[in-house]
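Chain residues, written in single-letter form:
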Amino acid sequence: LIDRDSKVVDASRVAITGLQVFQRALATTSNNVANVGTEGYTRQRVDITTRPSQRFGDGFFGSGARVSSVQRIEDQFLNARVQSSSSDVARLDSYLSLVNRVENLVSGSQGGLDSALQNFFNSLQDLSNDPASIPARQVVLSNSDTLVARFKDLDASYNDINREINTRLRGDINDINSLTSGIADLNKAIVEAKATTSGQGVPNDLVDQRNVLVGRLSERLAVNTVELSDGSINVFVGGGESVVIGSLSRQLSAINDPANPGELRVGIEVGSSAFDITDKITGGSVSGLLDFRSEQLGEIRNQTGRLALVLANEFNAQHQAGLDVNGSLGAQFFASSTPQTLANQNNTGAATVTTGITDFNQLTTSDYELSYDGANYTLTRLSDGVSTSAVAGPFNIDGIQVDIAGAAAAGDSFLVQPTRNGASGIGVLLTNTSQIAAASPVRSLESTANLGSAVVTTPEVLDVNNADLFDTVEIRFNSPASTFDIVNVTDGATIAAGVAYTNNADIDFNGIRVQIQNQPEAGDVFTIERNTGGVGDNTNAVALLGLQTAQTVGGNATLQEGYGALVSKIGTVSRQTSISSQTQQALFDQAVQARDNVSGVNLDEEAVDLVRYQQAYQAAAQVISTSNILFDTFLAAVRR
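None of the values given here were measured: they were computed from a predicted structure.

Pulling in residues and values, what's your account of the overall build of the protein chain?
For the protein chain, the helix and strand inventory stands at 10 helices and 30 strands. For a compact globule of 640 residues, the expected C-alpha radius of gyration is about 26 Å, and the protein chain comes in at 42 Å, more than 25% above that figure. Its C-alpha atoms give the protein chain principal-axis dimensions of about 165 × 50 × 40 Å. Sorting the 640 residues of the protein chain into buried and exposed places 44% on the buried side. Sequence-distant contacts, at least 24 apart, represent 69% of the contacts inside the protein chain between residues at least 6 apart. In the structure as shown, the protein chain presents an accessible area of about 30,100 Å², 49% of it carried by carbon and sulfur atoms.

Structure below.
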């Protein structure tokens, strides 16, 4: 075309811009197709704009098209939703795997306590039926060893899980550091690449690679990202702690808990030291590990330990109130641990803290923290945060007594774990069947000359250390039989005189308790004496068996009910976590689907684009061919 100013508009040059544009569009579409299976790839689109038009005569003619950019098709909101859901799924998966481990431990017939407890009490039942039987006594000892082994195996398994948590934390932290370092490197590469295009172009493949690393990072812990104008991103974890700032990354580290050295925590580098951010971490596999340890593992160990402590204490107390085959008072049957008290490694004072158990029935499954602020001590029950303060000790709470010696410094703290080592510390002390105290050390007799209908109960030993325990004592009814005297026949002393008689009331003396029931007559006599030769007596064996139904755990549950509550609680947590995990997985899948609907490669759509761009390319080529023919025709006409 020639205008009045003799300026030529070259249609072929306009068509060439179309060829270039559609060639790049075809290349971009081909790239989408080639990366349909590439992890983290985001569909790309060529943005085409017109070139500035040129004036010819009284009008303006277009000068073709150009590629303004190649954009990644994404929705930041959907990406953030996938990232958040990924963290939640990873946390629940990590949490659930550990819960299932513990559930299999406590509920399985091979490792659980339920069958071992039942077999132990069954053997006591057989012993009470035949207290002189050597085989029955041997079965009691054998089942005692089995029960103790179960306690120890459970505690060892809990320790193994705790070590596994520490190992997995180290592994996750190493992965996090590698990922944040990779993100920082990609930030640098993206900024440099963008700078070569005067800040207009974006290296899409590098951005995709960075997003993949951010996604993997979010599986370890929840992260927040902020994109900067230069194309880099900053990454934050733990309530605002930065782990990536531009091309720089900060390292996380596994640090020992100064309050409890057996547990690792998460720190972030601050200069040459590490700042503890454990309590700020949410989401991801790291959070799942930390939450399971703080919410479940500690209490589970404490519950198992409490059962062992209560069993050992109650059984020992009753066994020591019995008489063995050799005619000696029963010895301690089970070995038992003492409460664990740990001084914080950062303490600067000279105070020492010891803990003792004053009432096993009141024991809880909680740990306690004793802290000092420079003026007062505060003992806090960690399970619910209930605390009590005083200028000095001792503290008495939940069946424990905490004593303080020496001077503490402000900021010092101590971790008190009354039941933590209960399961590992239990053991069987008896080595011979003759040491089992199945008989009562004393017995009660009724005079054959008694005229009334009254009967005396089997003596209950209240204090095995009473010096007069084995003295022969008579309860003599006066005339009328509304009162009685208690006389120590061994030394002739009158223990009590003129005691008013009440049917079935407790009568205590010399560390012994009996009751007299029904109606006595004047002159009736009841004798309590040493149970000499009482090998066939099953009184104490029956009392030991009675511990199976005694509410000794927390004052409201039997040993087996206490263990059943532990199994039930773990099962409930397992089911709830499994449901939550399935729900969160469904939400994650929906988020991924929504993101892929926007950013994913659709082969049908790409096939349509290929055809469309191919036709446009061919049309542009046809324009060039037609322009050449027209121009040749024009030249031929001019030559004439």
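Structure shown, so let's carry the discussion forward.
Before we move on, could you go through the sheet that holds strand 5 (residues 223-227) and cite the residues and values that matter?
If you walk across this open sheet you meet the four strands as 5-6-7-8, and the pairing is antiparallel. The open sheet is flanked by strand 5 and strand 8 (248-249), the only strands paired with a single partner. When strand 5 meets strand 6 (residues 233-237), the two strands line up antiparallel, connected through five bridges. Note on strand 6: the bridge partner recorded for threonine 225 is valine 235.

Tell me about the pairing of strand 19 (residues 400-405), and please be specific about residues and values.
Where strand 14 (residues 352-357) lies against strand 19, six bridges are found, and the strand directions are antiparallel. Bridging from a neighbouring strand, threonine 355 pairs with valine 402 of strand 19. Examined bridge by bridge, strand 18 (residues 395-397) and strand 19 share three bridges and lie antiparallel to one another. The residue bridging phenylalanine 395 from the neighbouring strand is valine 402, located in strand 19. Taking the residues between adjacent antiparallel strands as the criterion, strand 18 and strand 19 are bridged by two residues, where aspartate 398 takes a positive phi near 50°.

Residue-level account of the packing of helix 3 (residues 114-129) against helix 9 (residues 559-599), with values.
Following both chains from N to C, one finds helix 3 and helix 9 inclined at 170°, their axes separated by 10 Å at the closest point. What the angle tells us is that helix 3 and helix 9 run roughly antiparallel. Residue-level contacts link Asp114, Leu117, Gln118 and Phe121 of helix 3 to Leu559, Gln560 and Tyr563 of helix 9. Across the contact of helix 3 with helix 9, the residue classes tally to four nonpolar, two polar and one charged.

Got a sec to walk through the pattern of salt bridges? Specific residues and values, please.
Any two side chains of opposite charge can pair, so long as their charged atoms come close to each other. Scanning the entire structure with this criterion turns up 25 salt bridges. Measuring nitrogen to oxygen at the nearest pair gives 3.0 Å for the salt bridge that ties aspartate 384 to arginine 381. By relative accessible area, aspartate 384 is classed as partly exposed at 45%. Assessed through its relative accessible area of 16%, arginine 381 is described here as buried. For the salt bridge of glutamate 529 with arginine 443, the shortest nitrogen-to-oxygen distance reads 3.1 Å. Of the two residues, glutamate 529 is situated in strand 30 (residues 525-530) and arginine 443 in strand 22 (residues 442-446); the sequence distance between them amounts to 86 residues. Among the ionic contacts, a cluster of salt bridges with common partners joins Arg72, Glu74 and Asp208.

Tell me about a nonpolar patch on the surface, and name the residues and values.
A surface patch of nonpolar side chains, amounting to about 220 Å² of accessible area, comprises Val33, Val36 and Leu603. Mapped onto the fold, valine 36 is located in the loop between helix 1 (11-34) and strand 1 (44-50).

Reading guide: rules and limits
Residues numbered from 1 in each chain as written. Predicted model: local features only at pLDDT ≥ 70, side-chain atom pairs only at ≥ 80, totals over all residues. Heavy atoms only, no water. Helix = DSSP H or I, 4+ residues; strand = E, 2+ residues; numbered from the N terminus. Rg over C-alpha atoms; globule rule 2.2 N^0.38 Å. Buried < 20%, exposed > 50% of the residue type's maximum accessible area, 1.4 Å probe, protein only. Contact = heavy atoms within 4.5 Å. Areas by Shrake-Rupley, 256 points an atom, 1.4 Å probe, with all protein chains shown as cover. Pairing = 2+ DSSP bridges. Axes fitted to C-alpha atoms, helices over the stretch in contact; angles between N-to-C directions. Parallel < 35°, antiparallel > 145°, perpendicular 65-115°, else oblique. Nonpolar A, V, L, I, M, F, W, Y, C, P; charged D, E, K, R; others polar. Salt bridge = Lys/Arg side-chain N within 4 Å of Asp/Glu carboxyl O. Patch = residues over 30% accessible without salt bridge, like charges linked within 9 Å, V, L, I, M, F, W, Y side chains within 5 Å.

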